[in-house]
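# Survey of secondary and tertiary structure
Below, each chain spelled out in residue letters.
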Amino acid sequence: MSRRSAALFAALVLGPAATVGCSAAAPGSAGPPSAQASAAASPAASASPSPAASPPPPAATVPTVPPGPAPSATPSPAPGGPVSVGVSGTLAEGLSSPWGPAVLPDGDLLVSERDEARILRVAAQGGGRTEVGTVPGVTAGGEGGLLGLALSPGFAADHRVYAYLSTASDNRIVRLDYDPSRPSGAQLGEPVVLLSGIPHGSRHNGGRLAFGPDGFLYAGTGDADERPLAQDRDSLAGKILRLAPDGTPAPGNPFPGSPVWSLGHRNVQGLAWDPQGRLWASELGQDTWDELNLITPGGNYGWPTVEGTAGRPGFTDPVARWHPADASPSGIAYAAGSVWMAALRGARLWRIPLDGAQPVAEPQEFLSGAYGRLRAVVADRDGTLLLLTDNTDGRGEPRPGDDRILRLTVDQG
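The rules behind each value
- Residues numbered from 1 in each chain as written.
- Predicted model: local features only at pLDDT ≥ 70, side-chain atom pairs only at ≥ 80, totals over all residues.
- Heavy atoms only, no water.
- Helix = DSSP H or I, 4+ residues; strand = E, 2+ residues; numbered from the N terminus.
- Buried < 20%, exposed > 50% of the residue type's maximum accessible area, 1.4 Å probe, protein only.
- Contact = heavy atoms within 4.5 Å.
- Areas by Shrake-Rupley, 256 points an atom, 1.4 Å probe, with all protein chains shown as cover.
- Salt bridge = Lys/Arg side-chain N within 4 Å of Asp/Glu carboxyl O.
- pLDDT = per-residue confidence, 0-100.
- Pairing = 2+ DSSP bridges.
- Axes fitted to C-alpha atoms, helices over the stretch in contact; angles between N-to-C directions.
- Phe/Tyr/Trp six-rings, centres within 6.5 Å; stacked < 30°, edge-to-face > 60°.
- Polar contact = N/O pair within 3.5 Å; in protein donor to acceptor, adjacent residues only side chain to side chain.

The subject of this paragraph is the overall build of the protein. Helix and strand counts for the protein stand at 2 helices and 27 strands. Scored against the burial criterion, the 413 residues of the protein give a buried share of 59%. In the protein, once contacts between residues fewer than 6 apart in sequence are set aside, the share between residues at least 24 apart is 61%. Roughly 14,200 Å² of accessible area belongs to the protein as shown, and the carbon and sulfur atoms make up 52% of that amount.

Let us now look at the pattern of salt bridges. Throughout the structure, instances matching the rule amount to 18 salt bridges. Linking Arg-407 and Asp-382 is a salt bridge whose minimum nitrogen-to-oxygen distance equals 3.3 Å. One end of the pair, Arg-407, is in strand β27 (residues 405-412); the other, Asp-382, is in the loop between β25 (374-379) and β26 (385-389), and 25 residues separate them in sequence. What you see here is one network of salt bridges that share partners, running through Arg-373, Arg-375, Asp-390 and Asp-393.

Attention shifts here to the confidence of the model for the protein. Averaged over the protein, the pLDDT score is 86; the fraction of residues at 70 or greater is 81%. Residue range residues 1-75 is modelled with pLDDT below 50. Its contacts to residues more than four positions away, or to other chains, number 223 contacts.

Here we have 4 strands laid out as an open sheet, ordered β12-β13-β14-β15, and antiparallel in their pairing. A strand with exactly one partner marks an edge of an open sheet, and here the two such strands are β12 (209-211) and β15 (260-263). Here the average twist between neighbouring strands, direction ignored, is 20 degrees. Here strand β14 (residues 239-243) runs beside β15; their pairing, made up of 3 bridges, is antiparallel. Note that in β15 the partner of Lys-239 across the bridge is Leu-263.

Now for unusual backbone geometry. Cis geometry marks the peptide bond from Trp-303 to Pro-304; its omega dihedral reads 0 degrees. Omega for the peptide link from Asp-402 to Asp-403 comes to -10 degrees, which places this bond in the cis form. By secondary structure assignment, the location of Asp-403 is in the loop between β26 and β27. Positive phi is not limited to glycine here, since Ala-224 has a value of about 55 degrees. Structurally, Ala-224 is set in the loop between β13 (217-220) and β14. The phi torsion at Ala-347 lies on the positive side, around 50 degrees, for a residue other than glycine. By the element assignment, Ala-347 lies in the loop between β21 (338-343) and β22 (349-355).

With that settled, the discussion passes to the packing of aromatic side chains. Throughout the structure, instances matching the rule amount to 6 aromatic pairs. Look at Tyr-218 and Trp-261: their rings are 6.0 Å apart centre to centre, the planes differ by 90 degrees, and that puts the pair in the edge-to-face class. Of this pair, Tyr-218 sits in strand β13 while Trp-261 is found in strand β15, placing the two residues 43 residues apart along the sequence. Judged by relative accessible area, Trp-261 falls into the buried class, the value being 5%. Centre to centre, the rings of Trp-322 and Trp-350 are 5.9 Å apart; their planes meet at 55 degrees, and the pair counts as tilted. In this pair, Trp-322 is assigned in strand β19 (residues 320-322) and Trp-350 in strand β22, connecting sequence segments 28 residues apart.

Right, let's get into the pairing of strand β17 (residues 279-283). Among the 5 residues in β17, 5 count as buried, and that is most of the element. Alternating residues of β17 divide into Leu-279, Ala-281 and Glu-283 and Trp-280 and Ser-282, and every residue in both groups is buried. By the bridge criterion, 5 bridges tie strand β16 (residues 268-273) to β17 in an arrangement that is antiparallel. For Trp-273, the partnering residue across the bridge sits in β17 and is Leu-279. Count of turn residues in the β16/β17 antiparallel hairpin: 5 residues, of which Gly-277 carries a positive phi of about 85 degrees. Relative to strand β18 (residues 290-295), β17 runs antiparallel, the two being bridged by 5 bridges. In the sheet register, Glu-283 faces β18, and the bridge partner there is Glu-291. Between the end of β17 and the start of β18, which pair antiparallel, lie 6 residues.

On to the sheet that holds β19, then. Taken together, the 4 strands give an open sheet; going across it, the order is β16-β17-β18-β19, and neighbouring strands pair in antiparallel fashion. The outermost strands of the open sheet, each flanked by one partner alone, are β16 and β19. Sheet twist, expressed as the average angle between the axes of neighbouring strands with direction ignored, equals 20 degrees. Here β18 runs beside β19; their pairing, made up of 3 bridges, is antiparallel. The partner of Leu-292 across the bridge, within β19, is Ala-320.

Where burial is concerned, most of β25 is hidden: 6 out of the 6 residues are buried. With 5 bridges connecting them, β25 and β26 associate as antiparallel partners. Across the sheet, residue Leu-374 finds its bridge partner in β26, namely Thr-389.

Our next topic: the side chain of Arg-266. Structurally, the position occupied by Arg-266 is in the loop between β15 and β16. Polar side-chain contacts of Arg-266 include one of 2.7 Å to the backbone oxygen of Gly-285. Of the polar contacts made by the side chain of Arg-266, one reaches the side chain of Gln-286; its length is 2.7 Å.

Below, the structure is given as structure tokens:
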């Protein structure tokens, strides 16, 4: 590994980030051809700019949540500077529609399998797999099933895992106790329902869960294919929710007594915070624009009235945008001064370089087409990135070994 590569690894900062997604655009969605990427022929790829990035918003928003972990003392690469991304190895393979990864304190991963309603533990060293257990009450079908996972902020002491799942009638958030000393497959306690009644559909169920730097639980939901619900403040569909760990609305939410943190979303499947405590979210669009949004409490992100950048009073424009053929974004992570975004239909990894709340260069794409649909990206504890494929979800074309977890290296210059 080069000295520049080693320095960059040390600069990758793991914030309370999460990742997820589903492909929402129809196969015939319009959009320009994507930029050519060398990654399809080689595991290392140089960045190429996207022609579809939107201009930055007119003004940055001051975050209202406490700051996250302090940045590393090692300098990050120059904002917007060129980097290359390569795959250094495969951590695990043979997974079935993996959806929600969560990094345990010892570096191992918990991974949800959407259609199997199963949680697996994947060892950080060697990729050995243990079946933690199957979550009861899950109804898989379409884009529903066992979706996002999040660990309690006090996981080292309470061993609590939070899950977003679909039933026959709704989506809901549950809490489970995890006891790794019990036999494989029987390490989960009975689920405790914290929030039910999130509208459920064959598509657009959202599903990302993540604890923020403020200690509260955030959830991205979808409009459940009922577009007006995204603008209805009394509905939990098409929102980002903010909850206390017991599932009640978190104190300080913008609408008293409501778990709603922001509204006007079509299908949120990626949540991540930067070191200053700003919340970023990826959003799957309809036929025209996918989005990366900077989330503010009470913000209205426009769907279904607005898709992409509109400059209309009362709606918040995205920080960056893509045609669905190039993205259909799922999970995101923040590391080394950038948001990293996994793309499903676009089958590539996007980097959005930031200087504070503003993009400083066009989004850059990596690994285009090399590994198929990409479900989630995670900033790991050792300073590398982990990438989950999802070619077994019914929309991809599985390859030998799919689905897998890949370990990525990032090199400056």
